[in-house]
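The residues making up each chain are set out below.
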Amino acid sequence: MMGAARCPWKELMTVAEQRCEQARAIIASACRVLRDTRETAPIFTRDMVEPTSADCYVLLRDASKMFCAAVSEHYGEPSGHRWSPVLPELLVAHPEKCGETLALAERKDFQELSHFLHELSHFDYSPA
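Described below are features of the structure shown in this document. Remember, it's a predicted structure, so these values are computed and weren't measured experimentally.

Observations regarding the packing of helix H2 (residues 15–40) against helix H4 (residues 86–93)
Then step 1. For the pair H2 and H4, interaxial distance at closest approach is 9 Å and the crossing angle is 40°. Contact with H2, carried on its side by Ile27, Cys31, Leu34 and Arg38, involves Leu91, Val92 and Ala93 of H4 and no other residues of that element.
Then step 2. Tallied by class, the residues present in the contact of H2 with H4 amount to six nonpolar, no polar and one charged.

Considering the environment of Cys31
Then step 1. Structurally, Cys31 is set in helix H2.
Then step 2. The exposure class of Cys31 is buried, given its relative accessible area of 0%.

A few points about the packing of aromatic side chains
Then step 1. The tally for this structure, following the rule as stated, stands at zero aromatic pairs.
Then step 2. Of note, Lys65 hangs over the ring of Trp83, and the distance from its end group to the ring centre comes to 4.8 Å.

Description of the nonpolar core
Then step 1. Counting 20 residues, the largest nonpolar core has Ile27, Cys31, Leu60, Phe67, Leu91 and Cys98 as the members making the most contacts within it.
Then step 2. If we ignore the near neighbours within four places in the chain, the residues touching Leu60 are Ile27, Ala30, Cys31, Leu34, Pro88, Leu91 and Val92.

Section: the side chain of Arg82
Then step 1. Counting through the fold element by element, Arg82 comes out in the loop between helix H3 (50–74) and H4.
Then step 2. We classify Arg82 as buried; its relative accessible area is 0%.
Then step 3. Engagement of the side chain of Arg82 in a polar contact is seen with the backbone oxygen of Ala105, the distance being 2.6 Å.

Describing the state of the cysteines
Then step 1. Counted under the stated rule, the structure contains zero disulfides.
Then step 2. Cys56 takes part in no disulfide bond, and the closest cysteine sulfur to it belongs to Cys31, at a distance of 8.1 Å.
Then step 3. Here Cys68 stays unpaired: no disulfide links it, and the sulfur of Cys20, its closest cysteine neighbor, is 9.0 Å away.

Here we look at the pattern of salt bridges
Then step 1. Following the criterion strictly, the structure yields six salt bridges and no others.
Then step 2. Of the charged contacts in the structure, one is a salt bridge between Asp62 and Arg61, with a shortest N-O distance of 3.2 Å.
Then step 3. Given the relative accessible area of 27%, Arg61 is considered partly exposed.
Then step 4. One salt-bridge network, held together by shared partners, links Glu21, Arg24 and Glu106.

Some words on the environment of Glu106
Then step 1. Looking at where Glu106 falls in the secondary structure, it is placed in helix H5 (residues 98–106).
Then step 2. A relative accessible area of 23% places Glu106 in the partly exposed class.
Then step 3. Along the backbone, Glu106 and Tyr75 are 31 residues apart, and their C-alpha atoms lie at a distance of 9.5 Å.
Then step 4. Of note is the side chain of Glu106, whose polar atom sits 2.7 Å from the side chain of Arg24.

Parameters at a glance
Residues numbered from 1 in each chain as written. Predicted model: local features only at pLDDT ≥ 70, side-chain atom pairs only at ≥ 80, totals over all residues. Heavy atoms only, no water. Axes fitted to C-alpha atoms, helices over the stretch in contact; angles between N-to-C directions. Helix = DSSP H or I, 4+ residues; strand = E, 2+ residues; numbered from the N terminus. Contact = heavy atoms within 4.5 Å. Nonpolar A, V, L, I, M, F, W, Y, C, P; charged D, E, K, R; others polar. Buried < 20%, exposed > 50% of the residue type's maximum accessible area, 1.4 Å probe, protein only. Phe/Tyr/Trp six-rings, centres within 6.5 Å; stacked < 30°, edge-to-face > 60°. Lys NZ or Arg CZ within 6 Å of the ring centre and 35° of its normal. Core = buried A, V, L, I, M, F, W, Y, C linked by side-chain atoms within 4.5 Å. Polar contact = N/O pair within 3.5 Å; in protein donor to acceptor, adjacent residues only side chain to side chain. Disulfide = S-S within 2.5 Å. Salt bridge = Lys/Arg side-chain N within 4 Å of Asp/Glu carboxyl O.

Here it is as structure tokens:
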């Protein structure tokens, strides 16, 4: 899991840090499922991927709320300050940009989620 690899030297994590790392792991896992499903689904079954997207949306919605609340707590903000329905929608639509999307939500100089759409459009994900 990413959380365990990120802070192995920390003996005591705050509750907010624990929730943040748990939510990050859930989000990364759901994005990986979406990515893998889309990449490996045969062309004639691609329309059948939608139920997976719907299931993952619910998981991503709940985990992103937990993630944003933990980040907001870290910065001393109200718990609902960083979350918006746009966040799980972005993660479902662009699971390959999962890390970048979460990084934008974690920034100290956080801006409204509508700004995410502009920022994410500048990432280049074409294979090297």
